[in-house]
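# Analysis of the macromolecular model
Here is what each chain is made of, one letter per residue.
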Amino acid sequence: MHITDWLRHAKAVLVETGCPDPEIDARWMAEDVLGMTQFDLKFEGDREVTPVQLDRLNAMLARRAAGEPVQYILEEADFMGLKFHVDKRVLIPRQDTETLVEHALIALSRIGEAEALDLCTGSGCVGLSLKSLAPLANMTLTDVSREALEVARLNAAKLGLDVDIRHGDLFRAVGRQRFDLIVSNPPYIPHPDLADLQREVQHEPMLALDGGRDGLDVYRRIAQEAPRHLNPGGAVYLEVGIGEAEAVQALLKININCAETGIVKDLNGIERVVWAKAKE
Ligand code: GLN
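The present account deals with the structure reproduced in this document. All residue numbers refer to position in the chain's written sequence, counted from 1. Residue-level local features of this predicted model are given only where pLDDT is at least 70; pairs of side-chain atoms are given and counted only at 80 or more, and the full residue set underlies all totals for whole chains, interfaces and linings. As a rule here, side-chain values cover all heavy atoms of the structure and leave hydrogens and water aside.

A few words now on the overall build of the protein. Elements are defined by DSSP. Helices are runs of H or I of four residues or more, strands are runs of E of two residues or more, and each kind is numbered from the N terminus. A count of helices and strands for the protein gives ten helices and nine strands. Relative to the compact-globule value of 19 Å for 280 residues, the protein shows a C-alpha radius of gyration of 21 Å, a close match. Summarising its shape, the C-alpha atoms of the protein cover approximately 65 × 40 × 35 Å along the three principal directions. Burial classes follow relative accessibility: with a 1.4 Å probe on protein chains only, a residue under 20% of its type's maximum area counts as buried, one over 50% as exposed, and anything between as partly exposed. Out of the 280 residues belonging to the protein, those deemed buried represent 51%. Throughout, a residue-residue contact means that at least one pair of heavy atoms, one from each residue, lies within 4.5 Å. A fraction of 64% describes how many contacts in the protein between residues 6 or more apart in sequence connect residues 24 or more apart. As defined in this context, the radius of gyration uses C-alpha atoms, and a globule is described by 2.2 Å times the residue total to the power 0.38.

Quick look at the sheet that holds strand β4 (residues 138-143) now. Read across the open sheet, the seven strands follow the order β5-β4-β3-β6-β7-β9-β8; overall the sheet is mixed. The open sheet has two free edges, formed respectively by β5 (164-167) and β8 (258-265), since each of these has just one partner strand. Ignoring strand direction, the axes of neighbouring strands in this sheet form an average angle of 15°. Note: two strands are recorded as paired if DSSP finds a minimum of 2 bridges between them. Convention adopted: a line fitted to C-alpha atoms gives each axis, helices being fitted over their contacting stretch, and angles between N-to-C directions are expressed from 0 to 180 degrees.

Once that is clear, we can look at the packing of aromatic side chains. Stacked, edge-to-face and tilted are the three classes for Phe, Tyr and Trp ring pairs, Trp counted by its six-membered ring, which pair at centre distances within 6.5 Å; planes under 30 degrees apart are stacked, over 60 edge-to-face, the rest tilted. If you walk through the whole model with that rule in mind, you get three aromatic pairs. For the ring pair Phe 39 and Phe 43, a centre distance of 4.7 Å and an interplane angle of 45° mean the geometry is tilted. One end of the pair is Phe 39 and the other is Phe 43, both in helix α3 (residues 38-43) and four residues apart, which spans about a single turn. Like Phe 43, Phe 39 is exposed. Consider the rings of Phe 79 and Phe 84, whose centres lie 6.2 Å apart with planes at 70°: the pair is edge-to-face. The pair Phe 79 / Phe 84 is uniform in exposure class, with both members buried.

Tracing the sequence through the fold places Lys 279 in the segment after β9 (271-278). Spatially, the C-alpha atom of Lys 279 lies 9.3 Å from that of Asn 231, the residues being 48 residues apart in sequence. The residues touching Lys 279, leaving out its near neighbours within four places in the chain, are Pro 232, Gly 233, Asn 257, Cys 258 and Ala 259.

On to the pairing of β5, then. Inspection of the sheet shows β4 paired to β5 by four bridges, in the parallel sense. Bridged to Thr 142 within β5 is Arg 166. Once the chain exits β4 it traverses helix α8 (residues 146-159) before rejoining the sheet at β5, and the crossover so formed is right-handed. Note on handedness: a clockwise path from strand one over the helix to strand two, with the strands aimed away from the viewer, defines a right-handed crossover.

Before going further, it helps to spend a moment on the site of the ligand. The local shell around the ligand consists of Leu 91, Thr 97, Cys 120, Thr 121, Gly 122, Cys 125, Val 126, Asn 185, Pro 186, Pro 187 and Ala 208. In the analysis that follows, any N or O atom pair within 3.5 Å is treated as a polar contact, provided that within protein one partner can donate a hydrogen and the other can accept it, and provided that, for residues neighboring in sequence, both atoms belong to side chains. At 3.3 Å from a nitrogen atom of the ligand is found a main-chain nitrogen or oxygen belonging to Thr 121. Within the backbone of Ala 208, a nitrogen or oxygen atom sits 2.9 Å from a nitrogen atom of the ligand. Protein coverage of the free-state accessible area of the ligand, which is 290 Å², stands at 97%. By convention in these notes, a residue is near a molecule or strand provided one of its non-hydrogen atoms lies within 4 Å of it. In this description, accessible areas are obtained by the Shrake-Rupley approach with a 1.4 Å probe, and a residue is regarded as covered only by the protein chains that are shown.

Among the residues of helix α6 (residues 96-111), those classed as buried are Thr 97, Glu 98, Thr 99, Leu 100, Val 101, Ala 104, Leu 105, Ala 107 and Leu 108. Looking at the residues trailing α6, positive phi occurs at Gly 112, about 80°.

Read these as layout, nothing more, since geometry by itself doesn't imply function.
Spelled out as structure tokens, the structure:
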């Protein structure tokens with residue numbers, strides 16, 4: 001079978017099984033198995049696929065057709081220009097979350113040698129990309145899931161980034177330590193909405209998605225406990241789900257003695273990041 005024939009076949013299977021990005025997914029799997037770039041695939045499409053390659057391609061295709069996200073199949077996701085190992089132990093990094101990193105980074109760059117904390121780190125995508133872009137910051141990454149922390153550790157090693165990774169439920173992982181920046185993309189899907197999530201999302205860890213009855217459970221806890229862990233003038237940056245920004249901003253205002261707070265939209269125009277800066 002020629003590469004182009006397999007790509008055509010894969011696309012047809014993925015269209016038929018209702019996968020949202022059939023062409024991209026087929027191409028990514030082919031690039032991975034054949035060790036080729038998008039450019040190679042285009043110009044060497046008449047190359048024969050070996051039987052071993054064909055078996056691997058079809059095994060991947062079957063998993064994808066059954067609804068498993070392509071990033072789990074390839075065990076890789078791009079985020080902030082970095083490649084992260086991902087598998088079913090962690091949430092797949094989303095492009096929306098780059099908005100969180102970009103804005104937290106602005107805050108970090110003002111402080112320089114900051115103490116910074118990433119709560120609910122999952123794959124480590126937020127904390128590790130911050131460390132890579134602001135190397136002077138001392139980054140601590142925490143998660144309640146030991147499995148997720150194994151992935152975060154793997155990613156820190158893979159990217160050659162020196163960060164402190166600790167297990168524990170939110171701030172319990174850090175004792176009485178205080179920070180200049182606290183950042184988090186916590187679970188925020190309202191519990192009743194979990195059942196309606198896309199087929200692909202159902203493969204991701206529920207613990208990383210379930211935000212309790214109204215989606216705000218983890219924000220309540222972060223907002224209540226943050227004052228005991230913020231240095232004077234320190235800032236909190238939180239990613240929020242659709243329609244949650246105002247409620248989360250209110251939670252931060254009630255709990256933190258704020259000098260300033262704000263809401264930032266993502267590239268789709270959705271209010272995605274809520275931040276608060278404590279008084280000096
Ligand atoms: N911080 C990780 C991410 O942004 C994991 C988030 C989570 O588990 N809710 O992908």
